[in-house]
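These are the residues of each chain, in order.
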Amino acid sequence: MLKLHGFAVSNYYNMVKLALLEKGLPFEEVLFFGGQVPDSLNISPRGKVPVLETEHGFISETAVILDYIEQTQGGKPLLPADPFARAKVWELAKEIELYIELTARALYPQAFFGAEVPEAIKAKAWPELLAGLAALKRAGTFAPYVAGESFTVADIYFAFSVDLARAVGKKVQGVDVLEDFPQAQALLELIGQNPHMQAINEAKAAQFPTFLEKVVKARSQP
């Protein structure tokens, strides 16, 4: 059986978890916070989350895990069979990750952990985040899903990136970045009604206090 190593507050862990649930695959969850200690580095070369344990060994990096699952496991397909259509889905997923998720991540400390982000970082990250959302608005189909009529890996990245970008905008800038992006608002609402997504959010909320305590403790150490 596949084993998913990570923790419920990690959006990347939850991306893989949602894929496994959507495909109807049996898997075991293994609590793993990663880090730069030998036990962690033995299964994840950079000590990152998530990690998928297979019968052949461990795989890290979310996109690689998602591609492996799609190539080797059954269940509902999360990528089109046509090579060009498949490439376009990955294109959307990577654009969401690189220009929305990673850009918004620079502002997470202030949005979620009570720290102040330097103005220089905000001045760089904020316009880049808005540009990333504008690119998604141009490139996405939203009919009703990001790449068309079917739920794909692009929607998995969307679900765990755009919602956080919206929260960052409200908390750091007092702006709803989706105010003029009704297609994205509708899709977030649609995905939010998915029972698998609801279960993931419940697990995330339950673990967040423990995770926050761990973060605060790590920040206080010299």
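Predicted, not measured: the structure shown is a model, and the values here were computed from it. (Residues numbered from 1 in each chain as written. Predicted model: local features only at pLDDT ≥ 70, side-chain atom pairs only at ≥ 80, totals over all residues. Heavy atoms only, no water.)

Trainee: Explain the UniProt feature "domain: GST C-terminal" (unreviewed entry) in the protein chain to me, and be specific about the residues and the numbers.
Mentor: Within this structure's numbering, the places UniProt gives as "domain: GST C-terminal" (unreviewed entry) are residues 82-212. Secondary structure across residues 82-212 divides into 74% helix and 0% strand, with the first and last C-alpha atoms of the span separated by 43 Å. (UniProt positions renumbered as here; feature names shortened; annotations may be inferred. Helix = DSSP H or I, 4+ residues; strand = E, 2+ residues; numbered from the N terminus.)

Trainee: Could you give me a rundown of the environment of Ser60, with the residues and numbers involved?
Mentor: By the element assignment, Ser60 lies in strand β4 (residues 57-60). Those residues in contact with Ser60 that sit more than four places away from it in its chain are Ser44, Pro45, Pro50, Val51 and Ile65. (Contact = heavy atoms within 4.5 Å.)

Trainee: Requested: an account of the packing of aromatic side chains, with residues and values cited.
Mentor: If you walk through the whole model with that rule in mind, you get eight aromatic pairs. Between Phe7 and Phe211, the ring centres sit 5.3 Å apart and the planes meet at 20°, which makes this aromatic pair stacked. Linking Phe7 in the loop between β1 (2-6) and α1 (11-23) with Phe211 in helix α10 (residues 195-220), this pair joins segments that are 204 residues apart in sequence. With respect to class, Phe7 is no different from Phe211; both count as buried. Between Tyr145 and Phe151 the ring centres are 5.8 Å apart and the planes differ by 90°, which places this aromatic pair in the edge-to-face class. Exposure remark for Tyr145: the relative accessible area of 18% places this residue in the buried category. (Phe/Tyr/Trp six-rings, centres within 6.5 Å; stacked < 30°, edge-to-face > 60°. Buried < 20%, exposed > 50% of the residue type's maximum accessible area, 1.4 Å probe, protein only.)

Trainee: Quick one: what's the story with the side chain of Lys23, residue by residue and with numbers?
Mentor: Summarising the element assignment, Lys23 is placed in helix α1. By relative accessible area, Lys23 is classed as buried at 5%. A polar contact of 3.1 Å, which involves the side chain of Lys23, links it to the side chain of Glu70. A distance of 2.8 Å separates a polar side-chain atom of Lys23 from the backbone oxygen of Lys76. Contacts of Lys23, omitting those with residues within four sequence positions, involve Ile69, Glu70, Gln73, Gly74, Gly75, Lys76, Pro77 and Leu78. (Polar contact = N/O pair within 3.5 Å; in protein donor to acceptor, adjacent residues only side chain to side chain.)

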